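Working through the structure, step by step
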Amino acid sequence: MPARHKKISYQEFLHREYGFFRAPLAPEMDFYETIRTGNLRKVKALLNDPFHLKKGLGVLSDDPLQNLKYHLTISTALVARLCISGGLSQSEAYSLSDYYIRLADVARSPEEITEVHNEMCMHYTKQMQNLQRSTITSKAVRTAIDYIYDHLHTRITLDTLASVTNLSASYFSRLFKKETGYSVSEYILNKKLETARSMLASSSYSIAEISASLAFPSQSYFTNVLKKDCNMTPKEYRRKNAGYLNRIPIH
């Protein structure tokens, strides 16, 4: 099998990218996407590396502290916009943005900048988590959604989720539809497509690799469902969106 078609998992894709010296765009966008989806556990893990010690930050100011402030401002603005796209109200998103940018402005050390950055990321993530789960009342459905987010790189079945939640498949299926408004298969497909769009727009991985990494049955199936979802083939979606994302000045 040619190297370019070697199968990768979405998790391997992230782990490999995070080792680069200059922070590449794909993991950066994945980090922000993790905030947007309200994945609190994953955000906590990704915040282990201090913001002020991050390598590869662009030079926006000759003053090191001011440079960090600029990058934090950019990050905060981007997180706010992505959370708005995820359903957070503009007033709440921009109020939080203003608050954390003001905190950054009066910070007196790199360590304080990291504290502000981490608090900002956690605050937005919690708001998005609350927003996404506001209509979900059962522990079973919450558990299933967490499982889906953590296993997008695999084939997820109704029987698997029923087993994870210790419910019968028929009862779990009805409960999931009642609380999310989607069937299990619709929800899984939507989340895989969201991730695929992010990877198309923010990475150089081939369409075949992205399709395989998210466990789509085939590349042609992936092309068909994406076209049905947004009226564009993967190649067309990448062409339209990659240029825009590459112009976003993020750290």
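Numbering of residues starts from 1 in each chain and follows the order in which that chain's sequence is written. Restriction of local features to residues with pLDDT of at least 70 applies here, the model being predicted, together with a cutoff of 80 or more for giving and counting side-chain atom pairs; totals for whole chains, interfaces and linings are based on all residues. Excluded from the side-chain calculation are hydrogens and water; included are all heavy atoms of the structure.

Structural notes on the packing of helix H7 (residues 139-150) against helix H9 (residues 169-180)
Lines fitted to C-alpha atoms define the axes, with helix axes restricted to the stretch in contact, and inter-axis angles between N-to-C directions lie between 0 and 180 degrees. Under the scheme used here, helices are H or I runs from DSSP no shorter than 4 residues and strands are E runs no shorter than 2 residues, and both carry numbers assigned from the N terminus. Relative orientation of the contacting elements H7 and H9 amounts to 85°, with a least axis distance of 10 Å. Relative to H9, the element H7 is oriented roughly perpendicular. Judged by residue contacts, Ala140, Val141, Ala144, Ile145 and Ile148 of H7 engage Phe172, Leu175, Phe176, Glu179 and Thr180 from H9. Think of it as three bins: nonpolar holds Ala, Val, Leu, Ile, Met, Phe, Trp, Tyr, Cys and Pro, charged holds Asp, Glu, Lys and Arg, and polar takes everything else, Gly as well. For the contact of H7 with H9, the residue count by class is eight nonpolar, one polar and one charged. Here roughly perpendicular refers to angles of 65 to 115 degrees, roughly parallel to angles under 35, roughly antiparallel to angles over 145, and oblique to all remaining angles. Contacts are residue-level and defined by heavy atoms, with any inter-residue pair within 4.5 Å sufficient.

Focus on H9
Here H9 contains 12 residues, and its C-alpha end-to-end distance of 16 Å stays within 8% of the 16 Å for a straight helix at 1.5 Å per residue. Using a 1.4 Å probe on the protein chains alone, a residue whose accessible area is under 20% of its type maximum counts as buried, one over 50% counts as exposed, and one in between counts as partly exposed. Three or more residues of H9 are buried, namely Phe172, Leu175, Phe176, Glu179 and Thr180. Each buried residue of H9 lies within a common arc of 105° when the element is viewed along its axis, so the set occupies one face. Along H9, the residues that are exposed and aim more than 90 degrees away from the buried face are Arg174 and Lys178. By this rule the span expected of a helix is its residue count minus one, scaled by 1.5 Å. This arc is built from the directions going out from the helix axis to the C-beta atoms.

A word on the side chain of Asn39
Topologically, Asn39 is positioned in the loop between helix H2 (25-36) and helix H3 (40-46). Using a relative accessible area of 14% as the deciding quantity, one classes Asn39 as buried. There is a polar contact of 3.2 Å between the side chain of Asn39 and the backbone nitrogen of Lys42. When near neighbours in sequence (up to four residues on either side) are disregarded, Asn39 contacts Thr34, Thr125, Tyr149 and Asp150. Pairing of N or O atoms within 3.5 Å defines a polar contact, subject to two protein rules: one partner must be a possible hydrogen donor and the other a possible acceptor, and residues neighboring in sequence count only if both atoms are side-chain atoms.

Brief notes about the pattern of salt bridges
One speaks of a salt bridge when a side-chain nitrogen belonging to Lys or Arg is within 4 Å of a carboxyl oxygen belonging to Asp or Glu. Going through the model one piece at a time under the given rule, you end up with five salt bridges. A salt bridge links Asp150 to Arg41, with the nearest nitrogen and oxygen atoms 2.3 Å apart. Remark: Arg41 occurs in helix H3 and Asp150 occurs in helix H7; sequence separation between them is 109 residues. The exposure class assigned to Asp150 is partly exposed, which follows from its relative accessible area of 25%. Among the residues examined, Arg41 registers a relative accessible area of 55% and is labelled exposed.

Points about the nonpolar core
If you look at soluble globular proteins, the nonpolar side chains tend to sit buried side by side. Within the largest apolar cluster, 31 residues are counted, with the highest numbers of intra-cluster contacts made by Ile148, Leu161, Phe176, Ile210 and Phe222. Within the residue set of this core, elements represented by two or more residues are H7, helix H8 (158-165), H9, helix H10 (184-202), helix H11 (207-213) and helix H12 (219-230). For this core, the leading source of residues is H10, giving eight residues. Apart from residues lying up to four places away in sequence, Ile210 is in contact with Ala196, Met199, Leu200, Ser203, Tyr205, Phe222 and Arg238. The set of buried Ala, Val, Leu, Ile, Met, Phe, Trp, Tyr and Cys residues whose side-chain atoms join them within 4.5 Å is what this entry labels a nonpolar core. Counting 29 residues, the second-largest nonpolar core is a separate cluster that includes Leu72, Ala80, Leu88 and Ile113.

Overview of the environment of Tyr100
Structurally, Tyr100 can be placed in helix H5 (residues 90-106). Owing to a relative accessible area of 1%, Tyr100 belongs among the buried residues under this scheme. Residues Tyr100 and Met120 lie 20 residues apart in sequence; the distance between their C-alpha atoms is 6.4 Å. Not counting the four nearest positions on each side in its chain, Tyr100 is found in contact with Thr76, Val116, Glu119, Met120 and His123.

Thoughts on the confidence of the model for the protein
Per-residue confidence from the predictor is reported as pLDDT, a score between 0 and 100. With 84% of its residues at a pLDDT of 70 or more, the protein has an overall mean of 82. Mean pLDDT per element in the protein: helix H1 (residues 10-17) is the minimum at 49, and H8 is the maximum at 96. Predicted confidence is poor over residues 1-7, with pLDDT under 50, and the contacts of this stretch with residues over four places away or in other chains come to seven contacts.

Some remarks on the packing of helix H4 (residues 64-85) against H5
Relative orientation of the contacting elements H4 and H5 amounts to 170°, with a least axis distance of 9 Å. One element, H4, and the other, H5, form an angle in the roughly antiparallel class. Between H4, through Lys69, Leu72, Thr73, Thr76, Ala77, Ala80, Arg81 and Ile84, and H5, the contact on the second element is made entirely by Gln90, Ala93, Tyr94, Ser97, Tyr100, Ile101, Ala104, Asp105 and Val106. In the contact of H4 with H5, the residues fall into 10 nonpolar, four polar and three charged.

Considering unusual backbone geometry
We note that Ala215 has phi near 60°; this positive angle belongs to a residue other than glycine. Positionally, Ala215 belongs in the loop between H11 and H12. Despite not being glycine, Asn231 shows a phi value in the positive range, around 60°. Tracing the backbone shows Asn231 in the loop between H12 and helix H13 (234-246).

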